Amino acid sequence: MAKPIVIMGAGPAGLTAAWELVRAGREVVVWEADPAYVGGISRTVQAENFRFDIGGHRFFSKSPEVNEVWRQIMPDDFIDCPRLSRIFYKGKYFNYPLEAMDSFLKLGPLETLRILLSYFHARLFQVKPELSFAQWVTNRFGKRLFQIFFKSYTEKVWGISCDEISANWAAQRIKGLSLKEAVISALRGKKAEPTSKTLIRNFFYPRLGPGQMWETATAKITEMGGKIFLDRTVQTIHWDETGVTHITGANQQGEFFQLEGSQFISSIPLKELILSLDPPPPKEVVAAARKLRYRDFLTVCLVINRARVFPDTWIYIHDPSVKVGRIQNYKNWSAAMVPDPKLTSLGMEYFCFEGDGLWTSSDYDLAQLAIREAVQIGIIQQGEVKDAFVVRMQKAYPIYDQTYQQHLEVIRAWLGQFGNLQPVGRNGMHQYNNQDHSMMTAMLAARNIQGGHYDCWKVNADAEYHEAGESGSK
C-alpha cells in the first residue's frame, strides 16, 4: 500500500505544499500542533466576535506564482488595503517609509543638522567589515539617524543589542531605504518611491484577516481528499539509512499517534526538527541546532469604546519609555475585523522570550500594562477600554545573530543526505522572510516530490528562485 506524503505544520508553507500536492492527485497528511488554528503566525484569532492578527500580514508578492495560489484558494474575498504606518518618537508621529521633509520639520533644524553631519561622516568613514545591523545602518544613514529611527525599535523586537544582530537582517529588510533619495525627492516636492516590498503603500488583505486564507485552504484541501489533523504535536522523527520512515507524536490529552510516509515536508522550527530526530544526528549538528535562537511574541488586543482612534494601519513605537513595540489598528485593515462600528480594536504588540517576565505575566497584568502604555502614549484615555484579550505566540521570529549562518550551514549540510525530507518556510528554514517566501519554498518542495530538482534554499527574500539553467528559475 502506498504511503502518504507527510507534512509537519499547517502554516502558510505546510498548507501551500499540501495544496500543490493534493491538486496533483497525491495523498497528503498534515499534522498541526495547535488544537484550534491553522496558519501559523498568519492566523486570525477570534474572541467575542473580534478578529485580530498575530502581527500584521500583508498579501503582496513580486512572484506571479504566489499571487496565483492566493487567487486560486480565495478568489473573491480580498480587499485593497491602503497602508498608513508611522513611527512614534518623542511624542511625535513620523511617516514611514521615512520622508525627509516630514522628518526634518518634526525633528527641528538642530537635530536635522546633526543627522546630515553624521550621514556625511558615515559616508566618508565606512565601517569595514560590515558585520552587524548597527554597522550596516550606520554606514548608510549615519549614527544619529540609526540611534533615532532604528536602534530602540530593533532592540525591542529582537531583545539583543544591534551590535549582535547580523548585517544580513538589515540588508534583507531595509534595503529599499535611502536617505539620499529621500532628500532629493523632498527637494523636488514628491515622495520617494519604495523599492522594497516591506515599504509598499498598498496591498491585498483577506476581508476576515489572514487566517481566512488558510482556513479556506484547509477546507479546500480536505474537500480534495487531503487529511489535516490539528492537535498533533510531532515528538519524534524516525529515520534509517533509507531516509525518514515515520513520525510519532501526541495530542494534548496524551494520546499517541504514529504516521508512516514516503516523503516528508517540515515547516516546524528547524531546531525542533533536528532535536526530534531518532537516532540523533552527530554531536556537531545537535550543537548547531541548540544555538539557533527565536524571539517570541504576544499581543494584547484592546477593545476601545470609540469608533475611530487613529488613522494608521499600524504604528511603530520607538519610544524606549514603554515596552510596546508596535500597535495594530485592525479596523483599518478591514472593517469586518470589528463586529460593532462604534468600537475599535487595537493590538498592543510585545516582543519577548518564552519564560521571561512579560511572557509569564498573567493576562490581567498584561492587559493593565497595555492599557497603561496606550494612555501614556496618548492614543486612548483612561476608562475607554471595554475588553482585553491576550495571545502568546512561541518562536514567532528566528533570530539573525552573528553566528546563525554558520550553525545553519552545519545543519543544511547534514540534512542534505535525506532524499525524502525537505524543510520549508520561515521557521522550517530559520529564515525570517515574508509568507510569500515561505509559500515559494513549499511550492518547490512539492515540485521536487513530483520529479523536480530545485534547491529550496535558493529562494530569495522576494520569493524568486535563483539558479540559472534550471527549469522554473527566474
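Criteria and cut-off values
Residues numbered from 1 in each chain as written. Predicted model: local features only at pLDDT ≥ 70, side-chain atom pairs only at ≥ 80, totals over all residues. Heavy atoms only, no water. Pairing = 2+ DSSP bridges. Helix = DSSP H or I, 4+ residues; strand = E, 2+ residues; numbered from the N terminus. Axes fitted to C-alpha atoms, helices over the stretch in contact; angles between N-to-C directions. Parallel < 35°, antiparallel > 145°, perpendicular 65-115°, else oblique. Contact = heavy atoms within 4.5 Å. Nonpolar A, V, L, I, M, F, W, Y, C, P; charged D, E, K, R; others polar. Left-handed = near helix turned anticlockwise from the far one by under 90°. pLDDT = per-residue confidence, 0-100. Buried < 20%, exposed > 50% of the residue type's maximum accessible area, 1.4 Å probe, protein only. Right-handed = clockwise from strand over helix to strand, strands pointing away. Lys, Arg positive; Asp, Glu negative; His and termini not counted. Salt bridge = Lys/Arg side-chain N within 4 Å of Asp/Glu carboxyl O. Polar contact = N/O pair within 3.5 Å; in protein donor to acceptor, adjacent residues only side chain to side chain.

1. Topic: the sheet that holds strand β7 (residues 92-96)
Here we have 7 strands laid out as an open sheet, ordered β7-β6-β16-β17-β18-β15-β19, and mixed in their pairing. Only two strands of the sheet have a single neighbouring strand rather than two, namely β7 and β19 (385-398). Between one strand axis and the next, the sheet turns through 25° on average, direction left out of account. The sheet contact formed by strand β6 (residues 85-89) and strand β16 (residues 314-317) spans 4 bridges and is parallel.

2. Points about the packing of helix α4 (residues 109-124) against helix α6 (residues 143-158)
It is the contact of α4 with α6, at a shortest axis distance of 6 Å, that shows an interaxial angle of 120°. Here α6 runs oblique to α4, going by the angle between their axes. Counting all contacts with α4, which are made through Glu-111, Arg-114, Ile-115 and Ser-118, the residues of α6 involved are Lys-143, Arg-144, Leu-145 and Ile-148. Its residues assigned to classes, the contact of α4 with α6 shows 3 nonpolar, 1 polar and 4 charged.

3. As for the packing of helix α2 (residues 64-73) against helix α9 (residues 210-223)
Closest axis-to-axis distance for the α2/α9 pair is 9 Å, and the angle between their directions is 70°. Classified by the interaxial angle, the pair formed by α2 and α9 is roughly perpendicular. Of the two possible hands of crossing, α2 and α9 adopt the one that is left-handed. Contact residues: Trp-70, Gln-72 and Ile-73 in α2; Met-213, Trp-214, Thr-216, Ala-217 and Lys-220 in α9. Tallied by class, the residues present in the contact of α2 with α9 amount to 5 nonpolar, 2 polar and 1 charged.

4. Some thoughts on the side chain of Thr-441
Position of Thr-441 among the secondary structure elements: in helix α17 (residues 435-449). Residues within four places of Thr-441 in sequence aside, it is in contact with Val-424, Gly-425, Met-429, Cys-456 and Val-459.

5. Quick word on the confidence of the model for the chain
Overall, the prediction assigns the chain a mean pLDDT of 91, with 92% of residues at 70 or greater. When the criterion is pLDDT under 50, residues 468-474 qualifies, and its contacts beyond four places in sequence or with other chains add up to 14 contacts.

6. Structural notes on the pairing of strand β1 (residues 5-8)
Burial along β1 is two-sided: Ile-5 and Ile-7 facing one way and Val-6 and Met-8 facing the other are all buried. Alignment of β1 against strand β13 (residues 263-266), held across 4 bridges, turns out to be parallel. Bridge pairing links Ile-5 to Gln-263 in β13. Relative to strand β2 (residues 28-31), β1 runs parallel, the two being bridged by 4 bridges. Bridge pairing links Val-6 to Val-29 in β2. In this fold, β1 hands off to helix α1 (residues 12-23), which returns the chain to β2; that crossover is right-handed.

7. Some points on the side chain of Lys-156
Structurally, Lys-156 can be placed in helix α6. One buried charged side chain, Lys-156, makes no salt bridge at all; its nearest oppositely charged neighbour is Asp-319, positioned 6.3 Å away. In terms of polar contacts, Lys-156 uses its side chain to reach the backbone carbonyl oxygen of Ile-317, at 3.1 Å. When neighbours within four sequence positions are excluded, Lys-156 is seen to be in contact with Arg-295, Ile-317, Asp-319, Pro-320, Val-322, Lys-323, Val-324, Gly-325 and Phe-351.

8. Thoughts on the environment of Gly-225
Secondary-structure assignment places Gly-225 in the loop between α9 and β9 (227-229). For the pair formed by Gly-225 and Leu-369, sequence separation is 144 residues and the distance between their alpha carbons is 46 Å.

9. A look at the pairing of β13
Of the two faces of β13, the one lined by Gln-263 and Ile-265 and the one lined by Phe-264 and Ser-266 are each fully buried. As paired elements, β13 and strand β20 (residues 421-423) share 3 bridges and run parallel to each other. Each bridged residue has a counterpart across the sheet, and for Ser-266 the counterpart in β20 is Pro-423.

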